[in-house]
Amino acid sequence: LDPADQSFTLLLEDLGGATPGDQVAGLTPQQAEAAIVALGRLHGAWWGKVDAGGLEVLFDFADPDYCAAVQAGYQDFVGPALANHDDLFSSYTKKTAQRLAPVAGQVVRQLASGLRTFVHGDFRADNLLFAPGLGEDGLAAVDWQISGRSGPLYDVAYLICNSIPIEHRHRSEKDLLRRYHDTLLKMGVSGFGFDACWDAYRFAVLCGLFVAVYTSGGMDLGNERGREAIDALVRRVDAAVSELQVGELLPS
């Protein structure tokens, strides 16, 4: 883009032969592994570099104004979300969601601080396309409009808790985390052990509640496919939040 006269070049890629991910059905085990490796390569490439200077144009998830806006929106939507899907949220998740409301901004800021990299921000099944010829990972990710600088496990927890069927997550959750961590190591990341990766993942699962609350509390539920996607999301996030007992990680 030339700011002087607003002339620009738009580069397009033909993804017509690719298979899109399905948010309702969830990713297959093969798709999930490809996606988690792609995240590891993306995060590893930018690990520790996004705050080195020259990248201030990238959105910062730790920005105080953004954190305050997230908290205000969450507080507006948590009541309608729990009411709209009372039968899908477990009692544990309901309590955790309510306890999250006054500290939502603090959770976002904490997750986006410390170890930081470039994150996609909406890395889920409906934003992924799969084909053998799509680069080294066999996939392409679209919808980068909320990408920026944050903690790496945001993308990972978002993917696993949002786009992987519950039964598959039960079988492969730690294996996927290890695959992600191994990919980071191959990309040259050091000083970040698997235990730290697991702890950061559990904390990032709290942010799954943001997605579940915003979508189920603030979106039009009249569209059938949209409602199916929201129902699947809420069920998956609820299971992860309650099974991993992430409410104990909330700031006091």
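Below is a short write-up of the structure.

Parameters and conventions
- Residues numbered from 1 in each chain as written.
- Predicted model: local features only at pLDDT ≥ 70, side-chain atom pairs only at ≥ 80, totals over all residues.
- Heavy atoms only, no water.
- Pairing = 2+ DSSP bridges.
- Helix = DSSP H or I, 4+ residues; strand = E, 2+ residues; numbered from the N terminus.
- Buried < 20%, exposed > 50% of the residue type's maximum accessible area, 1.4 Å probe, protein only.
- Arc of directions from axis to C-beta.
- Contact = heavy atoms within 4.5 Å.
- Salt bridge = Lys/Arg side-chain N within 4 Å of Asp/Glu carboxyl O.
- Phe/Tyr/Trp six-rings, centres within 6.5 Å; stacked < 30°, edge-to-face > 60°.
- Lys NZ or Arg CZ within 6 Å of the ring centre and 35° of its normal.
- Axes fitted to C-alpha atoms, helices over the stretch in contact; angles between N-to-C directions.
- Parallel < 35°, antiparallel > 145°, perpendicular 65-115°, else oblique.
- Nonpolar A, V, L, I, M, F, W, Y, C, P; charged D, E, K, R; others polar.

1. Some words on the sheet that holds strand E5 (residues 139-141)
Logical step 1: With antiparallel pairing, three strands are arranged side by side in an open sheet as E1-E4-E5. Where the open sheet ends on each side, the last strands, each with one partner, are strand E1 (19-20) and E5.
Logical step 2: Direction of pairing for E1 relative to strand E4 (residues 128-130): antiparallel, over a ladder of two bridges. Note on E4: the bridge partner recorded for threonine 19 is phenylalanine 130.

2. A closer look at helix H3 (residues 91-100)
Since one α-helical turn is 3.6 residues long, residues separated by three or four positions face the same way.
Logical step 1: Restricting attention to buried positions, one finds in H3 the residues Thr93, Thr96, Ala97 and Leu100. Buried positions in H3, seen along its axis, are confined to an arc of 100 degrees and lie on one side of it. Away from the buried face of H3 by more than 90 degrees, exposed residues Ser91 and Lys95 are located.
Logical step 2: As for H3, its buried residues are in contact with helix H2 (64-84), helix H4 (104-111), helix H7 (194-218) and helix H8 (224-243).

3. Comments concerning the pattern of salt bridges
Logical step 1: Here the structure, examined in full by the defined rule, presents 14 salt bridges.
Logical step 2: Here arginine 225 and aspartate 126 are joined by a salt bridge, their closest N and O atoms 2.8 Å apart. Within this pair, whereas arginine 225 is found in helix H8, its partner aspartate 126 is found in the loop between strand E3 (117-119) and E4, the two being separated by 99 residues in sequence.
Logical step 3: A relative accessible area of 28% means that aspartate 126 is categorised as partly exposed.
Logical step 4: One salt bridge connects glutamate 173 with arginine 169, and the closest N-O pair in it is separated by 3.4 Å. Taken together, the residues glutamate 173 and arginine 169, both in helix H6 (residues 166-186) and four residues apart, mark about one turn of the helix.
Logical step 5: Here glutamate 173 falls in the buried class, since its relative accessible area comes to 9%.
Logical step 6: Each of the salt bridges in this network shares a partner with another, and the network as a whole consists of Asp22, Asp122, Arg124, Asp126 and Arg225.

4. Regarding the sheet that holds E3
Logical step 1: Pairing within the open sheet is mixed, and its three strands lie in the order E2-E6-E3. Two strands lie at the open edges of the sheet, namely strand E2 (59-60) and E3, each paired on one side alone.
Logical step 2: In the sheet, E2 pairs with strand E6 (residues 148-150) via two bridges, with the strands oriented parallel. Its bridge partner lying in E6, phenylalanine 59 is registered against glycine 148.

5. A word on the environment of valine 50
Logical step 1: Note on placement: valine 50 falls in the loop between helix H1 (29-46) and E2.
Logical step 2: Taking C-alpha positions, valine 50 is 6.6 Å from phenylalanine 118, a pair spaced 68 residues apart along the chain.
Logical step 3: Valine 50 has contacts with Leu55, Arg116, Thr117, Phe118 and Arg149, leaving out every residue within four places of it along the chain.

6. Observations concerning the packing of aromatic side chains
Note on aromatic pairs: each is described by the distance of the centres and the angle between the planes.
Logical step 1: Applying the stated criterion to the full structure yields eleven aromatic pairs.
Logical step 2: Ring centres of tryptophan 198 and tyrosine 201 lie 5.5 Å apart, and the angle between their planes is 35 degrees; this geometry places the pair in the tilted category. With a gap of three residues between them, tryptophan 198 and tyrosine 201 both fall in helix H7, about one helical turn apart. The exposure classification of tryptophan 198 matches that of tyrosine 201, with both residues buried.
Logical step 3: Connected via pairs of aromatic rings, a cluster forms that spans Phe59, Phe61, Tyr66, Tyr154 and Tyr158.
Logical step 4: Seen from the ring of tryptophan 198, lysine 174 lies directly overhead, with NZ or CZ sitting 4.6 Å from the centre.
Logical step 5: It is arginine 178 that lies over the ring of phenylalanine 194; its NZ or CZ is 3.9 Å from the centre.

7. What to know about the packing of H1 against helix H5 (residues 153-163)
Logical step 1: Interhelical geometry of H1 versus H5 gives an angle of 170 degrees and a closest axis separation of 10 Å. Taken together, H1 and H5 sit at an angle that is classed as roughly antiparallel. Along the contact surface, H1 presents Ala35, Ile36, Leu39 and His43, while H5 presents Asp155, Val156, Leu159 and Ile160.
Logical step 2: Broken down by class, the residue content of the contact of H1 with H5 amounts to six nonpolar, one polar and one charged.

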